[in-house]
Amino acid sequence: MFSMDRGKPRLGWALLGGLAAGVASALTNSAYFVAYRWATDFQGQLPSFASITLSSLLPSVPAALGYFTLSRLTERARPIFMSLTALIIVISFEGLLRQTLPDGAPKPAGFDGAVMPMHVVVGLETALLVPWFTVRYFPFRSR
């Protein structure tokens, strides 16, 4: 291994961290959705458990790639990554201003309450788990 790689995470560990964050987010969001439907009697067709799972898993892997890249470019990768993730969470709340779904259909009653907390869950779990998992496990790589 080259000395310049010492102390930097490997891509595989970063991607595994992204996968771990995605799975944790999917499980948390699915549990939230079950509780939300029970508490509010939400009947909308969307979101579905499939869309919740995909929406929880998909952002985490590109985020892990972003963290990996940042960790190669700067010693301050963690605070930069967390700040960017927080900014993305805030930007995602622009969906509250829309009256329709992305396909043009009107939002069902209670839709924002069902999905907006999920944005926060995915962002928080990704911002916390990707750096933790990567830093926690990359020192144990083979040399």
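Residues numbered from 1 in each chain as written. Predicted model: local features only at pLDDT ≥ 70, side-chain atom pairs only at ≥ 80, totals over all residues. Heavy atoms only, no water.

Chemist: Requested: an account of the environment of Y36, with residues and values cited.
Modeler: Mapped onto the elements of the fold, Y36 is located in helix 1 (residues 11-40). By relative accessible area, which is 14% here, Y36 ends up buried. With 74 residues separating them in the primary sequence, Y36 and G110 have C-alpha atoms 9.5 Å apart. When residues no more than four places from it in sequence are discounted, the contact partners of Y36 are D41, F42, G110, G113 and A114. (Helix = DSSP H or I, 4+ residues; strand = E, 2+ residues; numbered from the N terminus. Buried < 20%, exposed > 50% of the residue type's maximum accessible area, 1.4 Å probe, protein only. Contact = heavy atoms within 4.5 Å.)

Chemist: An account of helix 3 (residues 60-73) is requested, with residue identities and associated values reported.
Modeler: An ideal rise of 1.5 Å per residue puts 20 Å on 14 residues; helix 3 measures up with 20 Å between its terminal C-alpha atoms. Taken together, the buried positions of helix 3 are occupied by S60, A63, A64, Y67, F68, L70 and S71. The arc that holds every buried residue of helix 3, seen down its axis, measures 165°, which confines them to one face. (Expected span 1.5 Å × (residues − 1). Arc of directions from axis to C-beta.)

Chemist: Give me the lowdown on the layout of surface pockets, citing residues and values where you can.
Modeler: Here the idea is plain: a probe the size of a water molecule rolls over the atoms and shows the empty space left. In this structure, the largest pocket encloses a volume near 860 Å³. Along the walls of the largest pocket sit 35 residues, with S55, P59, S92, V115 and H119 positioned nearest its centre. In terms of residue count, helix 5 (residues 111-137) provides more of the lining of the largest pocket than any other element does, 9 residues in total. In the lining of the largest pocket, the residues fall into 18 nonpolar, 12 polar and 5 charged. (1 Å grid on protein atoms, 1.4 Å probe; cavity = no way out; pocket = protein on both sides within 12 Å on 5 of 7 lines; lining within 4 Å. Points joined across faces, edges and corners; volume = space filled by probe spheres on them. Nonpolar A, V, L, I, M, F, W, Y, C, P; charged D, E, K, R; others polar.)

Chemist: So what's going on with the packing of helix 3 against helix 4 (residues 77-92)? Residues and values would help.
Modeler: Interhelical geometry of helix 3 versus helix 4 gives an angle of 145° and a closest axis separation of 9 Å. Viewed along their axes, helix 3 and helix 4 form a crossing whose handedness is right-handed. Along the contact surface, helix 3 presents A63, Y67, L70 and S71, while helix 4 presents A77, R78, I80, F81 and L84. When grouped by side-chain class, the residues that make up the contact of helix 3 with helix 4 number 7 nonpolar, 1 polar and 1 charged. (Axes fitted to C-alpha atoms, helices over the stretch in contact; angles between N-to-C directions. Left-handed = near helix turned anticlockwise from the far one by under 90°.)

Chemist: Tell me about helix 4, residues and numbers included.
Modeler: Taking 1.5 Å as the rise per residue, helix 4 with 16 residues should run 22 Å; its terminal C-alpha atoms sit 22 Å apart, in good agreement. Taken as a whole, helix 4 has its buried residues at A77, F81, T85 and I89. Looking down the long axis of helix 4, one finds its buried residues gathered within 100° of arc, a one-sided arrangement. Set apart from the buried face of helix 4 by more than 90 degrees, the exposed residues are V90 and I91.

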